[in-house]
Amino acid sequence: MTQTFAADVRRMTEKAKANMEFVFKASVQDVSEIMTRRQASVTDTGGTFQVGLVPVDTGELINSVEVSVNGAITGQGANKAPPDFVASLGTLRLGDVAEIVFTAEHARPMEYGATGKFEGRFFVRHAVQNWGVIVDQNARLFED
């Protein structure tokens, strides 16, 4: 009986670890995808923009998205699109450090706005502020 109980506890512990890793990885991927959702440039939309979306004109900003896991670059944007986050974050494990960044020079002004010129798009902030909701949604997949 003791061996069966110990084996059950071991199995449950391993399952919980695997579930936590899935929730973590899926949540990082979801936030990455949300922060890189695109819309046409303000010029192409007739002067409008939607907060939380990355404006794409020449593609320089969205192409500048870079993914790294534990300091090693694992993905980069190209062809007016962000990297494939599933592939770029495939090696991510609990305890690892993932960074998803916009490296273009004008990334910060687009995120926060340029005083007197245009309002911020807040594509990164919008995604990151939803981290808790995203984690909860992914965790619900494992409710018994």
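Our structure's up above, just so we're on the same page.
Structure report, in brief. (Residues numbered from 1 in each chain as written. Predicted model: local features only at pLDDT ≥ 70, side-chain atom pairs only at ≥ 80, totals over all residues. Heavy atoms only, no water.)

### Side note on the overall build of the chain
At step 1: Counting its regular elements, the chain contains six helices and seven strands.
At step 2: Start at the N end of the chain and walk to the C end: the helices and strands fall as α-β-β-α-β-β-α-β-α-β-β-α-α.
At step 3: Across its three principal axes, the chain shows a C-alpha extent of roughly 70 × 30 × 25 Å.
At step 4: Relative to its full complement of 144 residues, the chain shows a buried share of 34%. (Helix = DSSP H or I, 4+ residues; strand = E, 2+ residues; numbered from the N terminus. Buried < 20%, exposed > 50% of the residue type's maximum accessible area, 1.4 Å probe, protein only.)

### Quick look at the pattern of salt bridges
At step 1: All told, the structure shown has one salt bridge when counted by the stated rule.
At step 2: Notably, a salt bridge pairs Arg93 with Glu21, separated by 3.4 Å at the nearest N-O pair. Placement of the pair is Arg93 in the loop between helix H3 (85-88) and strand S5 (98-102) and Glu21 in helix H1 (residues 2-35), with a sequence separation of 72 residues. (Salt bridge = Lys/Arg side-chain N within 4 Å of Asp/Glu carboxyl O.)

### A look at the nonpolar core
Side chains of a nonpolar character, in soluble globular proteins, are inclined to be buried together.
At step 1: Ranked by internal contacts, the top residues of the largest apolar core, which has 22 residues, are Leu61, Leu89, Ile100 and Phe102.
At step 2: Per element, the largest residue contribution to this core is four residues, and it comes from H1.
At step 3: Residue contacts for Ile100: discarding those within four places in its chain leaves Val28, Ser32, Met35, Val65, Glu66, Val67 and Phe85. (Core = buried A, V, L, I, M, F, W, Y, C linked by side-chain atoms within 4.5 Å. Contact = heavy atoms within 4.5 Å.)

### Some thoughts on the sheet that holds strand S3 (residues 65-69)
Strand pairing in a sheet takes place through backbone hydrogen bonds and is either antiparallel or parallel in direction.
At step 1: Ordered in space as S4-S3-S5, the three strands form an open sheet in which the pairing is antiparallel. In this open sheet, the two edge strands, each paired with only one partner strand, are strand S4 (72-76) and S5. Each strand of the sheet is rotated relative to its neighbour by a mean of 25 degrees, with strand direction disregarded.
At step 2: Relative to S4, S3 runs antiparallel, the two sharing four bridges. For Val69, the partnering residue across the bridge sits in S4 and is Ala72. (Pairing = 2+ DSSP bridges. Axes fitted to C-alpha atoms, helices over the stretch in contact; angles between N-to-C directions.)

### Quick notes on the packing of aromatic side chains
At step 1: Going through the model one piece at a time under the given rule, you end up with two aromatic pairs.
At step 2: Of note, Arg121 hangs over the ring of Phe49, and the distance from its end group to the ring centre comes to 4.0 Å.
At step 3: The lysine or arginine in question, Arg125, covers the ring of Phe122, its NZ or CZ lying 3.8 Å from the ring centre. (Phe/Tyr/Trp six-rings, centres within 6.5 Å; stacked < 30°, edge-to-face > 60°. Lys NZ or Arg CZ within 6 Å of the ring centre and 35° of its normal.)

### A look at the environment of Gln29
At step 1: Positionally, Gln29 belongs in helix H1.
At step 2: C-alpha separation for the pair Gln29 and Gln137, spaced 108 residues apart in sequence, amounts to 13 Å.
At step 3: Excluding anything up to four places from it in sequence, Gln29 contacts Phe85, Val86 and Leu89.

### A look at a nonpolar patch on the surface
At step 1: A contiguous nonpolar patch, built from Phe22, Leu141 and Phe142 and spanning about 280 Å² of accessible area, is present on the exposed surface.
At step 2: By the secondary structure assignment, Phe142 is in the segment after helix H6 (131-139). (Patch = residues over 30% accessible without salt bridge, like charges linked within 9 Å, V, L, I, M, F, W, Y side chains within 5 Å. Areas by Shrake-Rupley, 256 points an atom, 1.4 Å probe, with all protein chains shown as cover.)

### Observations concerning unusual backbone geometry
At step 1: Of note, Asn70 is a non-glycine position whose phi angle comes to about 55 degrees, a positive value.
At step 2: Looking at where Asn70 falls in the secondary structure, it is placed in the loop between S3 and S4.
At step 3: Its relative accessible area of 46% is what places Asn70 among the partly exposed residues.
At step 4: In this structure, Lys80 is a non-glycine residue whose phi angle is positive, near 60 degrees.
At step 5: Examined against the element boundaries, Lys80 turns out to sit in the loop between S4 and H3.

Keep in mind these values describe shape, not function.
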